[in-house]
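Observations on the three-dimensional arrangement
Chain residues, written in single-letter form:
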Amino acid sequence: MNALRIFLEEIKIEHTLFALPFAYAGALLGARGIPSFHALLWITIAVLGARTAAMSANRLLDASIDRKNPRTAKRALASGSLSPTVMIVAIVAGLALLCIAAYELNPLCFALLPIGAVGVVVYPLVKRWTWAVHFVLGAVDALAPLGAWIAVTGRFEPGAWLLFAAVTVWVAGFDILYALMDRDFDVVEGVRSIPARFGSGAGRFVPQMLHGLLVVALALLGVAAHVGPAYWLGVAAAVVLVTYELSLIKRQRDVYALNAAVFNANMAFSVVFLLTTAASFAARV
């Protein structure tokens, strides 16, 4: 039980709240209402499986970097509290869940499975090659709502791509802020990130721009998906989020405190957006 507790802490299972609300929102928008229980069940399993595989791969592939970084040296794999075998088993198990879920959802989801499987496993390596790693992470996370949309429709639609774009820039934005904490270490070790490549100023400015694009993408999505009025409260929440982050970025010099506040704000936003999206369709019933 102690090993299980350490493993769950290591993969930050509570951060699944970032992925699930937007996945459910994608299902709601694709179905133009409440999807079937079957679809919601397997979407949930797919997200849990994909995220378990992704975080386990991240910890496994980054263990050598984490050992050198004072901020991450105490992580379970880096410190030796967990064996690499645990992460390998978790990657296999997570991908197995993703595979089963995709099969249960529809043929298109299953056909697209290799793209998602490769993405969740190899994205940790991208930071060795390019500062665009933040956008790769955003796109990998955005596969959840895109996949959920396809799961209930069995096809690609313009709204699905707008949601994919929205989540990509959303995740990329706060991942750039996250990279501010390791900027000096990344410069020394050659780890690629926007703060390491372009400086801390860019690390604070680019997320504001990306989260502004989030608002635009969500507004365009609302038009494309013919949503109800309640949906626009979610767009308004995105405006509030961007305004709040702008205030934080301007006044908070401590990057650790900044990231804690940004994390909590974005977690709250994801839940609010799901609720307003659900309400926009519930009002039609």
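These notes cover the structure that comes with them.

Rules used in this analysis
- Residues numbered from 1 in each chain as written.
- Predicted model: local features only at pLDDT ≥ 70, side-chain atom pairs only at ≥ 80, totals over all residues.
- Heavy atoms only, no water.
- Helix = DSSP H or I, 4+ residues; strand = E, 2+ residues; numbered from the N terminus.
- Contact = heavy atoms within 4.5 Å.
- Phe/Tyr/Trp six-rings, centres within 6.5 Å; stacked < 30°, edge-to-face > 60°.
- Buried < 20%, exposed > 50% of the residue type's maximum accessible area, 1.4 Å probe, protein only.
- Salt bridge = Lys/Arg side-chain N within 4 Å of Asp/Glu carboxyl O.
- Axes fitted to C-alpha atoms, helices over the stretch in contact; angles between N-to-C directions.
- Parallel < 35°, antiparallel > 145°, perpendicular 65-115°, else oblique.
- Left-handed = near helix turned anticlockwise from the far one by under 90°.
- Nonpolar A, V, L, I, M, F, W, Y, C, P; charged D, E, K, R; others polar.

1. Some remarks on the side chain of Thr168
- Among the structural elements, Thr168 can be located in helix H10 (residues 158-179).
- Other than its neighbours up to four places away in sequence, Thr168 contacts Phe135, Gly138, Ala139 and Ala142.

2. Brief notes about the packing of aromatic side chains
- Considering all chains together, one arrives at 12 aromatic pairs under this definition.
- Where Trp161 meets Phe164, the ring centres are 5.8 Å apart and the plane angle is 80°; that geometry is what we call edge-to-face. Taken together, the residues Trp161 and Phe164, both in helix H10 and 3 residues apart, mark about one turn of the helix.
- Taking relative accessible area as the criterion, Trp161 reaches 43% and is therefore assigned partly exposed.
- Here the aromatic residues Phe22, Trp170, Phe174, Tyr231, Trp232, Phe269 and Phe273 are joined through ring pairs into a cluster of three or more.

3. Some details on the side chain of Ser56
- Assignment of secondary structure puts Ser56 in helix H3 (residues 37-61).
- When its relative accessible area of 0% is taken as the criterion, Ser56 is described as buried.
- Non-local contacts of Ser56, meaning those with residues more than four positions away in its chain, are made with Phe7, Ile11, Met87, Ala90 and Ile91.

4. Here's the deal with the pattern of salt bridges
- Enumeration according to the criterion identifies 8 salt bridges in this entry.
- We note a salt bridge from Asp66 to Arg75, for which the minimum N-O separation is 3.3 Å. Neither residue differs from the other here; Asp66 and Arg75 are each classed as buried.
- Close ionic contact of Glu189 with Lys68 constitutes a salt bridge, the shortest N to O distance being 3.6 Å.

5. Thoughts on the packing of helix H6 (residues 84-105) against helix H8 (residues 113-122)
- Axis separation between H6 and H8 bottoms out at 11 Å; the angle between their running directions is 155°. It follows that H6 is roughly antiparallel to H8 by the angle criterion. Between H6 and H8 lies a crossing whose hand is right-handed. The segment H6 lies against H8, with Ile91, Leu95, Leu98, Cys99 and Ala102 engaging Leu113, Ala117, Val120 and Val121.
- Looking at the contact of H6 with H8 residue by residue, the classes come out as 9 nonpolar, no polar and no charged.

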